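Spelled out, the chains give:
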Amino acid sequence: MNMPIAWLTLRQLLGAKRTLLLVAAALLPITLAIVFRLTDPDVEPARFIAQTLLGRLVVGTMLPLAALVVGTAALGSEIEDGTAVYLLSKPLPRRVILLPKLAVCAGLTLAMMLVVTVVAGAIAAGGEEDGAAVILGFAVAVAAGSVVYSALFVLLSVYTTRAFISGLIYVFLWEQVVTRIFTGTRILSVRQYTIAVADGVAHVSSSVFDGNLDTWKAVVMMVVVTIAATYFAIRRLERFEIGETA
Amino acid sequence: MSERQSASGNIYDLGYRRYEGVRLGRRHAVVTLYLHSLRAAFGLGRPATAKIVPFGLAILALIPATIQLGIAAVASDIVELYSHSGYYSYVQWIIALFVAAVAPELVGRDQRSRTLTLYFSRSLLRVDYAIAKVAALTTALFVLTLLPQFVLFLGRAFAQDDLVGYARDNWRDLPPIIASGVLLCFFMASIAIAIASQTKRRAFATGGVLAYFAISLAMAGILLATLGGDTGGWALLLSGFHIAQGFTLWIFNIEPSSSETSSTYDLYQAGLSLWVYCVAALVYLAVCLGIIYRRYQGISA
Amino acid sequence: MPAPPPPTAVPAGPAAAIEVAKVSKWYGNVVAVNDISFTLGAGITGLLGPNGAGKSTMLHMLSGFLRPSAGSVRVLGQSAWKNPAIYAQVGLVPEREAVYPFLTGWEFVRLSARLQGLPDPDAAARRAIAEVDLASAQDRPTGGYSKGMKQRVKIAAAIVHDPRILVLDEPFNGADPRQRLHMMAMLRRMAAEGRTIVFSSHILEEVERLAEDVLVIVSGRLAASGDFREIRRLMIDRPHTFNVRSSDNRRLAAVLVGVPAVTGVDLEDTRLSVRSSDFGALTRALAPLAREAGVSLFEVLPADESLESVFSYLVKR
Amino acid sequence: MPMLETRGLTKRYPGVTALDSLDLSLEPGIIGLVGANGAGKSTLIKILLGLLEPTEGTGTLLGFDIAAQGPEVRQYVGYMPEHDCLPPDMSATDFVGHMARISGLPRTAARERTAETLRHVGLFEERYREIKGYSTGMKQRVKLAQALVHDPRLMLLDEPTNGLDPAGRDEMLDLVRRTGSEFGIAILMSSHLLGEIERVCDHLVVIEGGRLVRSGPIGEFTARTGTLLVEIDGDHAPLLARLKAAGLRVAEEGRALLIAFDDDRVYDLVRDGVAELDLGLVRIEQRRQQLEDIFREPAGV
């Protein structure tokens with residue numbers, strides 16, 4: 001782990017206006033959980049947490065958006081404004097540049113989402129037994145999902161200058177619409193992997209979750225996707241050409 | 001080169017000539033920028049690819065009204081499919097996509113290419129620039145709102161045997177159609193420009209505008225569903241779509257439907273008085289215009 | 001003249017620091033660089049060419065950022081492409097202005113030192129910042145720097161590891177006159193220590209004052225290389241013209257016409273214009289003839305011996 | 001009344017004073033503006049254009065008060081910024097025509113003057129193509145054209161040759177020169193390249209640390225000095241020794257010898273020295289003071 005690069009990446013991310021927006025957005029699920037608790041509606045908390053609060057809002061929207069914003073800001077914006085040259089012109093193998101960047105992205109996304117998951121979940125569950133299991137399941141799942149999404153979006157950002165918009169299309173069109181309608185495509189959805197992991201870890205009655213992917217399959221797919229994305233990102237960076245316009 | 005003349009030959013002066021005509025000043029500059037932006041909203045004067053999205057969405061917005069017109073042509077006395085007051089619910093996403101795609105074009109491009117500096121070095125003031133842009137997007141939206149309403153009006157009129165009679169009986173529909181259409185366009189344009197003017201990057205601007213509508217809609221839905229009518233109802237004031245629906249019904253003086261399949265069921269469940277949505281819309285407008293004003297006062301050129 | 005080079009801080013390496021052999025670069029059907037070969041040793045070389053001639057592509061290949069489509073670029077004996085190891089001996093100053101706006105000048109230069117794996121990054125950063133005279137601004141974020149300051153902090157980051165080769169893309173862009181003078185002095189000093197310095201520039205006056213040799217790229221081809229005065233001498237199809245003011249122009253004209261190398265003499269109002277295809281013969285003839293004729297020479301000005309005229313000739317050829 | 005007059009013009013940012021009580025009075029002409037980075041050149045130009053407000057002080061430009069009559073004065077001023085400012089997906093004709101109308105010209109006049117102006121700056125068939133395909137030189141011409149199209153009384157040019165190659169620089173400088181002398185438009189041009197200023201301008205303003213250092217005709221800055229510059233083809237060491245032996249004060253500078261010039265005797269000593277040593281004589285020139293010298297000495301000379 002190259003510490004100067006990790007330090008630089010962290011400075012980049014924490015200084016960016018978009019990261020602040022993310023932190024503000026992270027307050028949404030927490031607010032929702034507080035409102036849920038205060039008004040005490042007649043929905044079973046575990047089900048509300050698994051399907052709406054954490055399943056739909058956190059895993060379905062916040063997690064991919066956070067990973068997208070962070071993942072494309074770390075290296076993509078550097079390539080775009082030309083500052084990547086300062087890293088690429090150092091006597092370091094390119095993987096030594098990419099891996100710390102990826103680790104910081106994944107770590108930052110993970111930290112933000114873990115806090116949101118645990119705090120919002122705990123508030124909404126209010127000590128209910130099934131609730132604790134569901135939160136634990138989601139904590140593990142969100143951690144794993146952060147890594148997979150980060151690897152994917154960092155890969156995207158070294159391949160295309162339109163990484164952000166492509167990522168948006170993937171998140172909103174593919175994961176929100178296509179995989180809902182065509183259930184067969186769920187084997188290719190990070191969101192579905194994440195839900196499946198949460199389901200497997202939580203181990204509560206099947207009515208709580210609405211996923212339908214085997215947990216072990218999901219785990220295998222997550223490992224495969226992460227390794228492949230990282231490998232191709234490094235490969236791309238090794239052959240990265242900087243011309244007159246780039 | 002100076003002019004030279006003889007009986008049968010002339011050399012004319014092609015050198016620099018001063019401009020002695022009128023200079024029309026600030027108001028002319030605002031109007032010019034407004035018209036230019038209005039054209040730009042539909043990609044006119046730009047390459048063909050810039051026209052695809054705005055024209056595509058405008059056509060999509062017209063489809064329901066055109067269907068009504070078609071039905072009127074084929075069979076005169078069949079049920080009406082779309083009402084004036086409910087039309088915007090069918091096209092709300094199209095309008096949102098339109099402003100999300102077009103607002104960054106109108107305000108982001110000038111920041112990206114730094115043409116803003118040139119504008120501010122002319123007689124335009126910063127506030128003039130903001131006015132021209134909001135007005136242009138508002139007007140552009142008329143094509144997606146008032147035009148289909150007008151087609152719909154014709155469609156319904158054609159469905160009757162007596163065209164003149166229909167117009168005479170139903171002309172009272174027109175003021176609310178126009179009032180709600182103008183307010184809707186102004187409302188959507190202001191929100192979109194307030195968000196889009198914050199960044200010069202098109203992807204972020206488009207994403208931001210869409211994210212506002214999508215997330216606020218989802219939050220309102222979740223809150224209403226989990227909290228129920230009494231308290232959850234206020235959550236609809238987060239959502240731009242619900243507000244637009246609310247003030248449209250208020251202007252048409254129609255109560256939301258209690259049918260679960262109706263698009264206005266959320267409003268029925270929330271049980272708020274419809275004028276509340278109208279006030280909310282005005283508050284949103286004031287806030288958005290304030291944000292836009294501040295943005296252009298502060299932006300460095 | 002600069003003082004004799006001090007004992008070099010840089011260990012002696014192979015004679016040619018940069019070897020470019022039969023290099024071409026194309027993008028689809030567009031040929032940006034076409035079969036260029038040259039070698040560079042210690043000293044300052046200016047890379048010239050019109051916009052779009054392939055200068056920047058060449059510099060990017062020298063920097064290992066572009067893969068040559070054909071031929072090879074070797075830096076200190078190693079291939080430049082896909083070989084980050086060379087950067088331990090190479091410093092790069094890119095053309096683009098951007099630096100990390102959130103880092104202070106000090107942090108930025110120190111980051112470079114750490115990424116180079118230097119044993120004492122703080123000392124190296126301090127030295128590099130002092131070299132570009134930026135110590136007073138080192139604790140401010142670079143986002144607030146002027147163009148010239150950004151240029152200097154970029155140079156500091158590029159020389160922090162004391163590289164043997166320095167590649168600079170338009171380094172004088174945005175620098176004010178004082179900063180230019182300072183930077184030129186610095187580059188001369190570094191070259192005198194035995195380093196290889198390549199820079200591109202559009203400002204011919206500067207190249208003329210700074211570079212010992214030039215490389216001229218026109219339409220992707222190497223149009224000329226070497227000392228530009230020598231290049232000028234090689235243009236035998238183009239007469240050398242001198243404008244002379246003297247105590248008696250008419251008399252001087254009369255004697256100059258008799259010199260075989262002189263191909264034309266024009267008497268104008270207050271001066272005399274002399275043309276010759278043989279530079280050496282004319283310049284050597286001028287003073288003795290004037291002395292014989294008893295004419296005082298007040299002014300002798302070569303009309304088209306500047307780098308600017310050489311360059312425009314090469315480009316329009 | 002002078003074209004431009006400022007009194008105590010001051011601009012302070014937190015921690016930095018960009019302009020420090022600047023008093024300036026300029027008549028029309030081609031005026032060069034030089035100064036170190038951060039000396040306040042850009043700030044001055046932006047204040048004159050009304051893009052920035054001065055902290056203190058007043059100014060008049062073309063007889064208008066720059067603070068109170070911003071929109072009016074800007075009708076008569078053209079501005080060419082240093083940075084890119086052109087929309088990539090418009091053609092030069094469309095863009096310059098648009099800026100003409102923004103500057104207050106009616107439609108017909110705008111069209112005619114656009115064609116004229118583009119011809120003057122040397123853009124021909126390519127004016128109908130999108131700007132993004134233009135070379136740097138063509139883009140600079142478009143930038144100049146939009147500053148010229150409304151026939152301003154004064155043009156402010158910020159580093160007009162930035163990024164141009166030698167041929168492009170030549171053409172741009174010729175164009176600036178012509179605009180100033182033939183078209184009769186006053187020009188205030190900033191540049192870091194003193195050679196350019198020397199070539200184009202007839203008046204020079206030097207500012208440093210936000211204060212006026214000197215303002216005067218260019219000739220005052222480039223007066224002859226008491227130094228004779230001699231350049232030899234080959235090694236000049238023998239000549240140096242010989243001239244020193246003859247009692248002259250001689251110094252080396254690069255390839256040249258600098259000889260203190262006392263009386264006309266020096267000319268013949270040089271001539272004879274060169275002749276007797278059988279050297280090639282490349283240059284004899286009475287050295288002029290260089291603009292660069294302003295920057296060699298401490299500020300405030």
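Residues numbered from 1 in each chain as written. Chains lettered and ligands numbered in written order. Predicted model: local features only at pLDDT ≥ 70, side-chain atom pairs only at ≥ 80, totals over all residues. Heavy atoms only, no water.

Draft legend 1. Representation of the overall build of chain C. A tally of regular secondary structure across chain C gives 10 helices and 14 strands. C-alpha atoms of chain C, sized along the principal axes, occupy 70 × 50 × 35 Å. Summing over all exposed atoms, chain C offers an accessible surface of approximately 12,700 Å²; the carbon and sulfur share of this is 50%. Side-chain charges in chain C split into 37 positive and 33 negative, and the spacing between the mean points of these groups amounts to 4 Å. (Helix = DSSP H or I, 4+ residues; strand = E, 2+ residues; numbered from the N terminus. Areas by Shrake-Rupley, 256 points an atom, 1.4 Å probe, with all protein chains shown as cover. Lys, Arg positive; Asp, Glu negative; His and termini not counted. Charge placed at Lys NZ, Arg CZ, Asp CG, Glu CD.)

Draft legend 2. Broad picture of the interface of chain C and chain D. Listed by partner, the interface residues are 45 residues for chain C and 41 residues for chain D. Interface of chain C and chain D: buried area, both sides summed, is about 3,600 Å²; carbon and sulfur atoms make up 51% of it. For the pair chain C and chain D, the number of links is 5 salt bridges. Its salt-bridge partner being arginine 255 of chain D, residue aspartate 227 of chain C comes within 3.4 Å of it at the nearest N-O pair. Linking chain C to chain D there are 10 residue pairs in polar contact (both at pLDDT 80 or more). (Contact = heavy atoms within 4.5 Å. Buried area = accessible area lost by both parts, 1.4 Å probe. Salt bridge = Lys/Arg side-chain N within 4 Å of Asp/Glu carboxyl O. Polar contact = N/O pair within 3.5 Å; in protein donor to acceptor, adjacent residues only side chain to side chain.)

Draft legend 3. Layout of the arrangement of the chains. Once contacts are tallied for each of the 4 pairs of chains in contact, the highest total is for chains B and D. Taking C-alpha atoms only, the smallest gap left between chain A and chain D, which are not in contact, amounts to 13 Å.

Draft legend 4. Representation of the sheet that holds strand E3 (residues 30-34) of chain D in the model. Residues and elements named next belong to chain D. Read across the sheet, 6 strands follow the order E6-E7-E8-E3-E9-E10 without closing on themselves; strand pairing throughout is mixed. Each end of this open sheet is capped by a strand with a single partner; those strands are strand E6 (77-80) and strand E10 (211-217). Going across the sheet, the axis of each strand differs from the next one's by a mean of 15 degrees, ignoring polarity. Across 5 bridges, the pairing between strand E7 (residues 154-158) and strand E8 (residues 186-190) is parallel. Across the sheet, residue aspartate 158 finds its bridge partner in E8, namely serine 190. Helix H5 (residues 136-148) rests against E6 and E7 of the sheet, and its axis sits at about 165 degrees to E6. (Pairing = 2+ DSSP bridges. Axes fitted to C-alpha atoms, helices over the stretch in contact; angles between N-to-C directions.)

Draft legend 5. Molecular detail of the packing of helix H1 (residues 3-15) of chain A against helix H6 (residues 94-125) of chain A. Residue and element names in this part refer to chain A. Two elements in contact, H1 and H6, have axes separated by 9 Å at closest approach and are oriented at 45 degrees. Between H1 and H6, the interaxial angle falls into the category oblique. Crossing of H1 over H6 shows right-handed handedness. Along its contact with H1, which presents Ile5, Ala6, Thr9, Leu10, Gln12, Leu13 and Leu14, the element H6 presents Val96, Ile97, Pro100, Lys101, Val104, Cys105 and Leu108. Counted by class, the contact of H1 with H6 contains 11 nonpolar, 2 polar and 1 charged residues. (Parallel < 35°, antiparallel > 145°, perpendicular 65-115°, else oblique. Left-handed = near helix turned anticlockwise from the far one by under 90°. Nonpolar A, V, L, I, M, F, W, Y, C, P; charged D, E, K, R; others polar.)

Draft legend 6. Main features of unusual backbone geometry. All names here are of chain C. Its identity as a non-glycine residue notwithstanding, glutamate 170 has a phi of 50 degrees, on the positive side. Within the secondary structure layout, glutamate 170 lies in the loop between strand E7 (165-169) and helix H5 (177-192). Despite not being glycine, serine 219 has its phi angle at roughly 50 degrees, a positive value. Looking at where serine 219 falls in the secondary structure, it is placed in the loop between strand E9 (213-218) and strand E10 (221-226). Among the residues examined, serine 219 registers a relative accessible area of 59% and is labelled exposed. (Buried < 20%, exposed > 50% of the residue type's maximum accessible area, 1.4 Å probe, protein only.)

Draft legend 7. Focus on the side chain of serine 85 of chain B. Residue and element names in this part refer to chain B. Inspection of the secondary structure assignment puts serine 85 in the loop between helix H2 (49-74) and helix H3 (87-112). Residue serine 85 is classed as buried on the basis of its relative accessible area of 12%. Not counting residues within four places of it along the chain, the set of residues in contact with serine 85 comprises Thr248, Leu249, Phe252 and Ile254.

Draft legend 8. Main features of the pairing of E8 of chain D. Residue and element names in this part refer to chain D. Counting buried residues in E8 gives 5 out of 5 residues, a clear majority hidden from the surface. Neither face of E8 is left uncovered, since the one carrying Ala186, Leu188 and Ser190 and the one carrying Ile187 and Met189 both have all their residues buried. By the bridge criterion, 4 bridges tie E3 to E8 in an arrangement that is parallel. Looking across to E8, one finds that leucine 33 is bridged to serine 190. Crossover handedness for the path E7 to helix H6 (residues 166-181) to E8: right-handed. (Right-handed = clockwise from strand over helix to strand, strands pointing away.)

Draft legend 9. Examining H3 of chain B more closely. All names here are of chain B. Compared with an ideal rise of 1.5 Å per residue, which puts 26 residues at 38 Å, H3 spans 36 Å between its outermost C-alpha atoms and is within 8% of the ideal. Maximum bend of H3: about 40 degrees, positioned at tryptophan 93. H3 sits mainly inside the fold: 21 of its 26 residues count as buried. (Expected span 1.5 Å × (residues − 1). Bend = angle between axes of the 7 residues up to and from the residue.)

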